[in-house]
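# Examining the three-dimensional arrangement
Chain by chain, the residues run as shown.
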Amino acid sequence: MSTRVRFEPSGFETEIQAPVDLIDVTDEHPDADVPYSCRSASCGTCRVEVVSGGEALAPPDEDEVDVLEIFGDEGPVRLCCQLKLAKDTDKLELRVVDPY
Ligand code: FES
């Protein structure tokens with residue numbers, strides 16, 4: 001089994017297999033167009049809204065929760081640099097919160 005992952009607003013899609021870190025997926029596929037800066041749960045640049053498939057993601061650790069609280073986004077927002085797909089699901093869709 002594998003998971004179809006889609007990134008917005010780039011519209012890039014690919015197949016991935018759990019367990020996998022999303023940062024490795026986006027490093028391999030720059031067309032996904034997720035912005036990073038610190039890559040270690042402190043700047044919030046890589047915030048993505050989890051549009052679908054969130055149940056297949058590993059829960060956020062304390063550092064990630066702290067950063068997300070600072071930004072206070074509405075909805076299910078996560079740090080893409082910390083995201084791990086823990087199990088496969090039909091579809092995972094992530095939307096970059098601040099694309100530019
Ligand atoms: S790149 Fe800084 S929090 Fe993810």
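Here, the structure is the one placed above.
Here's what I pulled together on the structure shown here. (Residues numbered from 1 in each chain as written. Predicted model: local features only at pLDDT ≥ 70, side-chain atom pairs only at ≥ 80, totals over all residues.)

### A few points about the environment of T26
Along the chain, T26 falls in helix 1 (residues 22–28). With 25 C-beta atoms counted inside 10 Å, the residue T26 sits in the buried group. Along the backbone, T26 and Y36 are 10 residues apart, and their C-alpha atoms lie at a distance of 10.0 Å. When residues no more than four places from it in sequence are discounted, the contact partners of T26 are A32, V34 and C80. (Helix = DSSP H or I, 4+ residues; strand = E, 2+ residues; numbered from the N terminus. Buried ≥ 20, exposed ≤ 12 C-beta atoms within 10 Å, placed from the backbone. Contact = placed C-beta atoms within 7 Å.)

### Focus: the sheet that holds strand 1 (residues 3–8)
Read from one edge of the open sheet, five strands run 2-1-7-4-5, paired in mixed fashion. Edge positions in the open sheet fall to strand 2 (13–16) and strand 5 (77–79), since each of these has one partner strand only. Strand after strand, the sheet turns through a mean of 35° between neighbouring axes, direction not considered. Bridge count for strand 4 (residues 47–52) against strand 7 (residues 91–96) is four bridges, and the pairing is antiparallel. Considered in strand 7, the bridge of E49 is made with R95. (Pairing = 2+ DSSP bridges. Axes fitted to C-alpha atoms, helices over the stretch in contact; angles between N-to-C directions.)

### Some details on helix 2 (residues 62–71)
Of all 10 residues in helix 2, one are buried; the element is thus mostly exposed. G72 lies just past helix 2 and shows a positive phi near 60°.

### Notes on unusual backbone geometry
Omega for the peptide link from E8 to P9 comes to 5°, which places this bond in the cis form. Within the secondary structure, P9 is located in the loop between strand 1 and strand 2. Unusually for a residue other than glycine, D33 sits at a positive phi of about 65°. Even without being glycine, A41 reaches a positive phi, approximately 60°.

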